2 protein chains.
Amino acid sequence: MTLDVGEAYRIRIETIGDDHFSWLRQRKYAGWVIIMDEHTKQYCFPLINNYLAGEQVVTVTVAQGERHKHLETCRDLWEELFRAGAGRRWCCLNLGGGVIGDMGGFVASTFKRGMDFVQIPTTLLSQVDASVGGKLGIDFFGVKNSIGLFADPVAVWIDPRFLSTLPDREIRSGFAEVVKHALIADAAEWERLQAATQLDHVDWASLIGRSVDIKRRIVLDDPLERGARKALNFGHTIGHAVESYLLEGEDRLLHGEAIAVGMICESWLSHRAGRLSAHDLDTIVNYLIRLYGHPEIPEAGFPAMIGLMRQDKKNDADEINFTFLDSPGRHVVNETATPEVIQESLRYYNRIRIQP
Amino acid sequence: MTLDVGEAYRIRIETIGDDHFSWLRQRKYAGWVIIMDEHTKQYCFPLINNYLAGEQVVTVTVAQGERHKHLETCRDLWEELFRAGAGRRWCCLNLGGGVIGDMGGFVASTFKRGMDFVQIPTTLLSQVDASVGGKLGIDFFGVKNSIGLFADPVAVWIDPRFLSTLPDREIRSGFAEVVKHALIADAAEWERLQAATQLDHVDWASLIGRSVDIKRRIVLDDPLERGARKALNFGHTIGHAVESYLLEGEDRLLHGEAIAVGMICESWLSHRAGRLSAHDLDTIVNYLIRLYGHPEIPEAGFPAMIGLMRQDKKNDADEINFTFLDSPGRHVVNETATPEVIQESLRYYNRIRIQP
């Protein structure tokens, strides 16, 4: 399956093979650099390695994990590119999850004021989310993705084979963005997902294709996040803050797990604002807790989380912006809530009791 | 005088006043941040300070000079923006020379993936050069402007009053870009400049206007430096390397002084390649040495300078790219020279004897 993102680039969702690399060769880069992490070097790189013969290829491996997605790692990467003699006419292939894609894309698009790059996302999360939209960057000042820019890759290659290299928990985490896309924009897809609480019998290529397509349509309407694209923030205003707050602790949540908490809280806010029905709220909450369990969010941290929301780049200092749901498949942007009501939504989350 | 850079933004060359700031107020930013250095804080900020009343304004001052145009200063600036509670709906005003414009623009366009910024260049160099073209960035790995990106400001305000705050040497340095613009694209302007070797009786507003207009036309043809814009590199391939090499020493040259050396060497290369006549070469060399003197470039450093040219973002590892002159006012891009011939041009420069 291929999806064109306007005239800018093409997303291919299929096994990576000869065809991909002959397209890349036609572009006649002076060299290729591949950025990966320890995990993707071991499990994903071997699946593409045999297509690199005869090219000038430099590989750079960075430590794995979100906590390395910061300025110091960028400095190391830029230095590696210099030492390798890379130039603007090189191409950078980012082989990894969201950390590699966001950071590798940022490094590439600022190296000598910008070299081309191909995104090869290897996690479900990065395949359905970071692969489209052109958002690049790193964490800074304790705030996720707070330094970065918008820039398009020359191509996105999504290979579902990479998913078999991931632990179940990681797959489930990425699945939260699939759920989000359905909830904000596609009621039929939401109905389909109701059947998919077991994630081991899924036709990934089709499911990823549908999910990426939802995001693609939203992003094309609003490339720089001035309006319509805010739809994609559903679950993320609170979810990001929960994720950031727990980042340093023992009980840290994966991104999608935190977004699941955020989607529950923001569905409750949608209901409280007179938008989402009680029945729809229940359906969403039950579905998400069945998939993601119900980790408690420490109440002592609520004020710090509100502080983090204030730092979020979509918010100014004094109002917190939300995307609410009217019903599964229909959203509304530019809603707001006060810090008090936001804390109430987190208390609501902690007190949920699911009927077995 | 105002010049429109396509539909992207407008360059105003006139005294900054009420009109500028009422335009800015109409854009309804949540706050303004002003980035300046120690010098512009003392000498330039007072000229605009009285227009800021009633606005939420944060001022940030960085240490002065090219050696602070690096990643650590960016880190400080980003942190200051966070501490000030700045958001994407703020506007950043960069009040200073090329260092402040390049680095402040880079910081602004990567802060929370991009906030608006206004360039207020205060040196002649930044007024005629950095003010148009969208090139932003910092020095890294010993290479000038090697990390950065292309992004447009929302406006450029050039106020000739700022020039009276500068030492003569600084003015003369900036004037090298005025000379370059004439040499590559405007024979009539080159004739006019022949009369202007005394820089104390110049109608700056007109001269800057004509010079910026030359650059504006070239940049509009080629915003991302894929082709035509390489014209602007004249004098810079060698000049940048000379500047970088001498950066740490006692005998460092200002940017324009190094570019003057570069223009002499590259005029000689143009002549050697059978393009520029011996007469035109002599005229250019005499004019530049009369303006900039004749500092010797240490021959021991030639190999290191060649290495720096190889690092330049317009070059791949194995060929050095040049813009040559056919005659004053006419250039040709995508010429090359070998390291040996480049070193010969530097030796030519060192051996020039001007007839009084």
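Keep in mind that this is a model prediction, so the values were computed, not measured. Here the residue index of a chain counts from 1 through its sequence in written order. In the order they appear in the text, chains get letters beginning with A and ligands get numbers beginning with 1. Only residues with pLDDT of at least 70 get local features here, since the model is predicted, and only at 80 or more are side-chain atom pairs given and counted; chain-wide, interface and lining totals rely on the full set of residues. With hydrogens and water excluded, all non-hydrogen atoms of the structure serve as input to the side-chain values.

Colleague: Got a minute to help me understand the overall build of chain A in this structure?
Modeller: The number of helices and strands found in chain A is 14 helices and 11 strands. C-alpha atoms define the radius of gyration in this analysis, and the globule rule sets the expected value at 2.2 Å times the number of residues to the power 0.38. The C-alpha atoms of chain A give 20 Å as radius of gyration, which agrees with the globular expectation for 356 residues (21 Å, within 12%). The 356 residues of chain A split such that 61% are buried. By the convention used here, residues are in contact when the closest approach between their heavy atoms is within 4.5 Å. Partitioning the intrachain contacts of chain A with sequence separation of at least 6 by distance along the chain shows that 76% fall at a separation of at least 24. With 39 positive and 49 negative side-chain charges, chain A shows a separation of 4 Å between the mean positions of the two kinds. In this text, helices come from DSSP runs of H or I with a minimum length of four residues, and strands from runs of E with a minimum of two, each type numbered from the N-terminal end. Only protein chains enter the accessibility calculation, which uses a 1.4 Å probe. A residue is then buried if its area is under 20% of the maximum for its type, exposed if over 50%, and partly exposed in between. The charge count includes Lys and Arg as positive and Asp and Glu as negative, but it does not include His or the ends of the chains. For this purpose, a charge sits on NZ of Lys, CZ of Arg, CG of Asp or CD of Glu.

Colleague: Help me out: how do you make sense of helix H12 (residues 278–292) of chain A in this one?
Modeller: Structurally, the α-helix is built with 3.6 residues per turn, so residues lying three or four positions apart point the same way. Residue and element names in this part refer to chain A. A helix's residues, less one, multiplied by 1.5 Å, set its expected span. Over its 15 residues, H12 runs 21 Å from end to end, which matches the ideal 21 Å to within 8%, given 1.5 Å per residue. Within H12, the full set of buried residues consists of Asp-280, Leu-281, Ile-284, Val-285, Tyr-287, Leu-288, Ile-289, Leu-291 and Tyr-292. Buried residues in H12 make contact with helix H7 (168–185), helix H8 (187–194), helix H11 (255–272), strand E10 (320–327) and helix H14 (339–351). Remark: Gly-293 follows H12 within two positions and exhibits a positive phi of approximately 70°.

Colleague: I tried to follow the relation of the copies chain B and chain A on my own but got confused; where do I start?
Modeller: Between the two copies of the chain lies a rotation about an axis combined with a shift along it. The copies are overlaid by a least-squares fit using only the C-alpha atoms of residues whose pLDDT is at least 70 in both copies. For the pair chain B and chain A, the relating rotation is 180°, the translation along its axis is 0.0 Å, and the fit reaches an RMSD of 0.0 Å. Expressed as an axis order, the relation between the two copies is that of a two-fold axis. The share of interface residues of chain B whose copies in chain A are also at the interface is 97%, consistent with both copies meeting through the same surface.

Colleague: Looking at this structure, I do not really get the interface of chain B and chain A. What am I missing?
Modeller: One frequent convention defines the size of an interface as the accessible area lost when the parts assemble. The partner chain A presents 39 residues to the 39 residues of chain B that form the contact. Defined here as a combined quantity, buried area equals the accessible surface (1.4 Å probe) lost by two parts on assembly, summed across both. When chain B packs against chain A, the two sides together hide about 3,500 Å² of surface, and 56% of this comes from carbon and sulfur. A side-chain nitrogen of Lys or Arg and a carboxyl oxygen of Asp or Glu constitute a salt bridge if their distance falls within 4 Å. In this structure, the connection of chain B to chain A is made through two salt bridges. For Arg-75 of chain B, the salt bridge goes to Glu-72 of chain A, with nearest N and O atoms at 2.6 Å. Under this definition, polar contacts are N or O atom pairs within 3.5 Å; protein pairs additionally need one hydrogen-donor-capable and one acceptor-capable atom, and for neighbouring residues in sequence, both atoms have to be side-chain atoms. If you look at where chain B meets chain A, you find six residue pairs in polar contact (both at pLDDT 80 or more). The set of elements that each furnish at least two residues to the side of chain B that touches chain A consists of helix H4 (71–83), helix H5 (98–110), strand E7 (135–140) and strand E8 (143–150) of chain B. Gly is placed with the polar residues, together with every amino acid not listed as nonpolar (Ala, Val, Leu, Ile, Met, Phe, Trp, Tyr, Cys and Pro) or charged (Asp, Glu, Lys and Arg). Taken together, the residues of the side of chain B that touches chain A break down into 15 nonpolar, nine polar and 15 charged.

Colleague: How should I be thinking about the pairing of E8 of chain B in this particular structure?
Modeller: Both faces of the sheet carry side chains from a regular strand, because those side chains alternate between them. All names here are of chain B. Buried residues dominate E8, accounting for seven of its eight residues. Note on pairing: DSSP must find at least two bridges between two strands before they are called paired. Here E7 runs beside E8; their pairing, made up of five bridges, is antiparallel. When the sheet's bridge partners are listed, Gly-137 is paired in E8 with Gly-148.

Colleague: Help me understand the side chain of Glu-177 of chain A in this model?
Modeller: With respect to the helices, strands and loops of the structure, Glu-177 of chain A is situated in helix H7. The residues contacting Glu-177 of chain A, other than those within four sequence positions of it, are Leu-125, Val-128, Asp-129, Ser-211, His-236, His-255 and Ile-259 of chain A.

Colleague: I keep staring at the domain arrangement of chain A and nothing clicks. Help me out?
Modeller: All names here are of chain A. Where each domain begins and ends is defined by an automated method or by a domain database. Once the domains are mapped, chain A shows domain 1 (2–165) and domain 2 (189–351). For domain 1 and domain 2, the distance between their C-alpha centres works out to 27 Å. Contact with domain 1, which involves 25 residues of that partner, is made by 23 residues of domain 2. Summing both sides of the interface, domain 1 and domain 2 together bury roughly 2,100 Å²; the carbon and sulfur share of this comes to 70%. Taking the shortest distance from any N to any O, the salt bridge between Lys-215 and Asp-129 comes out at 2.8 Å. The interface formed by domain 1 and domain 2 holds five residue pairs in polar contact (both at pLDDT 80 or more) in total. Contributing elements (two or more residues each) for the side of domain 1 that touches domain 2: strand E1 (2–5), strand E2 (9–13), helix H6 (124–130) and strand E8 (143–150). The leading source of residues in the side of domain 1 that touches domain 2 is H6, at five residues.

Colleague: Honestly, the UniProt feature "domain: 3-dehydroquinate synthase N-terminal" (unreviewed entry) in chain A in this entry has me stumped. Any pointers?
Modeller: UniProt positions are given in the numbering used here, feature names are shortened, and annotations may be inferred rather than shown by experiment. Mapped onto this numbering, the UniProt entry annotates "domain: 3-dehydroquinate synthase N-terminal" (unreviewed entry) at residues 60–172 of chain A. Across residues 60–172 of chain A, helical content stands at 34% and strand content at 29%; the span's end C-alpha atoms are separated by 28 Å.

Colleague: What should I look at first to understand the pattern of salt bridges in this one?
Modeller: Where side chains of opposite charge bring their charged atoms close, a pairing between them can arise. Within the structure shown, the criterion is met by 48 salt bridges over all chains. A single salt-bridge network, built from bridges that share partners, covers Glu-66, Lys-69, Asp-102, Lys-144 and Glu-243 of chain A.

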